[in-house]
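# Geometric and topological summary
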Amino acid sequence: MSEIREIPSSLQRFERVGAHTHIKGLGLDENLKAVRIKDGMVGQEKAREAAGLIVQIIKEGKLSGRTIILAGPPGTGKTAIAMAIAKELGPNVPFIQMSGSEIYSSEKKKTEVLIEAMRKAIGVEIHEIRKVYEGEVTSLEIKTAPHPYNPYQRVPESVKLTLKTTKEEKTLEAGASIAQQIIAQGITEGCVIQIDAETGRVVNLGLCVESSKAKVYEVDDRAKVPRPTGSVLKEKEFVYTLTLDDLDRIHARNKGGGLFSLLFGFSESKEIDSEVRATVDEMVKRMVDEGKAFIHPGVLFIDDSHLLDLEAFSFLGRALESELVPIIILATNRGITTIRGTDVKSPMGFPLDLLDRAVIIATHEYSPEDIRDILRIRAQEEKIAIDDKALERLTEIGSNSSLRYAVQLLSLAAQNAKCMKRGTVTIEDIERVQSLFMDINQAVDHLRKYEMKMLYY
Ligand SMILES: Nc1ncnc2c1ncn2[C@@H]1O[C@H](COP(=O)(O)OP(=O)(O)OP(=O)(O)O)[C@@H](O)[C@H]1O
Ligand SMILES: [Mg+2]
């Protein structure tokens, strides 16, 4: 008998704490007003409320081509708010995140990177009605024949099977391809299966709960499904959720056929040509008109977007005019700076025509109270116990240096406490790590001192 061992549930998940894992949402009430501390978010109320309105607009899916800029000093929660927007949108609305620097790839054109990201941010829900045979297999007989080249080997030639639903029972006969699929998927009597009436694709849905087999094996990892209702041959609606980019790839693959794809499988090209994309757009629009598809425009979030250059901006500007574009959120921490690729200065390093099309959400620096509460949430997230005095010291460091630096010191202090075999982070741990590491101002002073020395020698 095989031995079965239960895995303790604490071991099953591999947990890592990232910079934004404590962010669970925007922390708004039902009237979209920000609650000071909620969903891992602290303070920054105006920006969170603004983001809440944007989420509503995106969820309604009507508006396209809107641009939102998140602007504020480093470490004031721009990326955190974007993450919260993604959480609020839920899993069915695509949220694509990239950094402005990602467009500089040696393999793809800048505009190609952007267009691909935009198309990944648009979901297409396709509804398809297909005729299928569906039921529990109550009898299964596979006929074999000698292999044409090797008479000692037998291959499946045809299959005769009976499918049962709560209403009726039907016996079908099918050829070699269906017989092979049945063998490959390990389908036996008692399984509930679906056979596409046109393509002959077989899907094993699981073991029928009412079948005698489901009762024999108590420990069985196969999915249990009820016996299907209605007729054996029926029309069923299938729903697939893909993105425009998925459709481009499928289309390019089918089109790119030829000898190479026959011999070596499909050829994966690096770029998809615009013709393919135009065809996909046409197809999608047609399906939407026929009521067979629904579009879910999502979000393309470009962090550190001052790293984009003029070419990328003008492409974005043009793309925003078309119909199938997502909502674009750009984040930046720059004031007046040059637009990359030019020597023109402009607010946030963005061209004026793009700024003109956008609404701006500003984030502000944190008060010591906010910093204390964010640190408290981070301590909980990292499972760190910290006493009040230590938290006060960290809050001070956060206000004088930066929130991020204080968060870093918190993890380091916790590691120090662990080495000292203490369960709680105390002020000694903070002082120790403060003496070992530097914040940016200290590091600059330190290097300056040496620069001077080098110059005088
Ligand atoms: N209001 C907030 N509530 C809770 N945590 C926050 C809040 N704002 C920022 N944080 C956390 O503080 C850290 C720094 O914030 P974030 O990375 O969002 O800053 P940023 O504005 O994107 O900075 P940069 O301009 O450098 O990219 C992150 O770990 C973030 O999750
Ligand atoms: Mg950021």
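Residues numbered from 1 in each chain as written. Chains lettered and ligands numbered in written order. Predicted model: local features only at pLDDT ≥ 70, side-chain atom pairs only at ≥ 80, totals over all residues.

A few words on the site of ligand 1. Around ligand 1, 22 residues are found, and the nearest of them are Pro74, Gly77, Lys78, Thr79 and Asn333. Sorting the residues of the shell around ligand 1 by element identifies strand 2 (41-42), helix 3 (78-89) and helix 14 (403-419) as the ones contributing at least two each. In terms of residue class, the shell around ligand 1 is built from nine nonpolar, eleven polar and two charged. Two domains each donate at least three residues to the shell around ligand 1, and these are domain 1 (37-121 + 298-362) and domain 3 (368-446). (Near = placed C-beta within 6 Å. Helix = DSSP H or I, 4+ residues; strand = E, 2+ residues; numbered from the N terminus. Nonpolar A, V, L, I, M, F, W, Y, C, P; charged D, E, K, R; others polar. Domains from an automatic or database assignment.)

Here the focus is the pairing of strand 14 (residues 327-332). Among the six residues of strand 14, six are classified as buried, and the element is accordingly described as predominantly covered. Of the two faces of strand 14, the one lined by Ile327, Ile329 and Ala331 and the one lined by Ile328, Leu330 and Thr332 are each fully buried. Across five bridges, the pairing between strand 3 (residues 67-71) and strand 14 is parallel. Bridge pairing in strand 14 places isoleucine 69 opposite leucine 330. As paired strands, strand 13 (residues 299-303) and strand 14 are joined by four bridges and run parallel to one another. When the sheet's bridge partners are listed, leucine 300 is paired in strand 14 with isoleucine 328. As for the winding sense of the linkage, the β-α-β connection from strand 13 through helix 10 (residues 310-319) to strand 14 is right-handed. (Buried ≥ 20, exposed ≤ 12 C-beta atoms within 10 Å, placed from the backbone. Pairing = 2+ DSSP bridges. Right-handed = clockwise from strand over helix to strand, strands pointing away.)

Turning to the nonpolar core, a few remarks are in order. Counting residues in hydrophobic clusters, the biggest one holds 81 residues, and the most contacted among them are Ala51, Ile329 and Leu410. Looking at this core element by element, the count peaks at eight residues for helix 14. Each residue touching leucine 410, except ones within four places of it in the same chain, is listed here: Leu375, Arg378, Ala379, Ile384 and Leu394. Among the nonpolar cores identified, the runner-up in size contains 17 residues, and Tyr133, Ile195, Leu207 and Val232 belong to it. (Core = buried A, V, L, I, M, F, W, Y, C linked by C-beta atoms within 7 Å. Contact = placed C-beta atoms within 7 Å.)

Time to look at helix 9 (residues 274-289). Along its 16 residues, helix 9 runs 22 Å from first to last C-alpha, staying within 8% of the 22 Å computed at 1.5 Å per residue. Of the positions making up helix 9, those classed as buried are Val276, Arg277, Val280 and Val284. Taken around the axis of helix 9, the buried residues stretch over an arc of 95 degrees, which confines them to a single face. For helix 9, the exposed residues lying more than 90 degrees away from the buried face are Ser274, Glu275, Ala278, Glu282, Arg286 and Asp289. Residue glycine 291 follows helix 9 closely and has a positive phi angle near 80 degrees. (Expected span 1.5 Å × (residues − 1). Arc of directions from axis to C-beta.)

Turning our attention to the confidence of the model for the protein chain. For the protein chain, the mean per-residue pLDDT works out to 86, and 91% of the residues sit at or above 70. The least confident element of the protein chain, judged by mean pLDDT, is helix 8 (residues 258-264) at 46; the most confident is strand 2 at 94. For residues 257-267, every residue scores under 50 in pLDDT, and the model assigns this stretch seven contacts once sequence neighbours within four places are set aside. (pLDDT = per-residue confidence, 0-100.)

If you trace the five strands from one edge of the open sheet to the other, you get 4-13-14-3-17, paired in parallel fashion. Looking at which strands have only one partner, the edges of the open sheet turn out to be strand 4 (95-99) and strand 17 (358-362). For this sheet the average axis-to-axis angle between neighbouring strands, irrespective of direction, equals 20 degrees. As judged from the five bridges shared by strand 4 and strand 13, these two strands associate in the parallel manner. Residue pairing across strands places isoleucine 96 opposite leucine 300, the latter belonging to strand 13. (Axes fitted to C-alpha atoms, helices over the stretch in contact; angles between N-to-C directions.)

The next subject is the domain arrangement of the protein chain. Split into domains, the protein chain comes out as domain 1 (37-121 + 298-362), domain 2 (125-290) and domain 3 (368-446). With centres defined by C-alpha atoms, the gap from domain 1 to domain 3 works out at 32 Å. With five residues of domain 1 in contact, the opposing surface of domain 3 contributes seven residues. When its residues are assigned to classes, the side of domain 1 that touches domain 3 shows two nonpolar, three polar and no charged.

Bringing the pairing of strand 5 (residues 122-146) into the picture now. As judged from the five bridges shared by strand 5 and strand 12 (residues 293-297), these two strands associate in the antiparallel manner. When the bridges of strand 12 are listed, glutamate 125 appears paired with phenylalanine 294. The pairing of strand 5 with strand 11 (residues 233-243) spans eleven bridges and is antiparallel. Of the residues in strand 11, the one forming a bridge with lysine 131 is glutamate 235.

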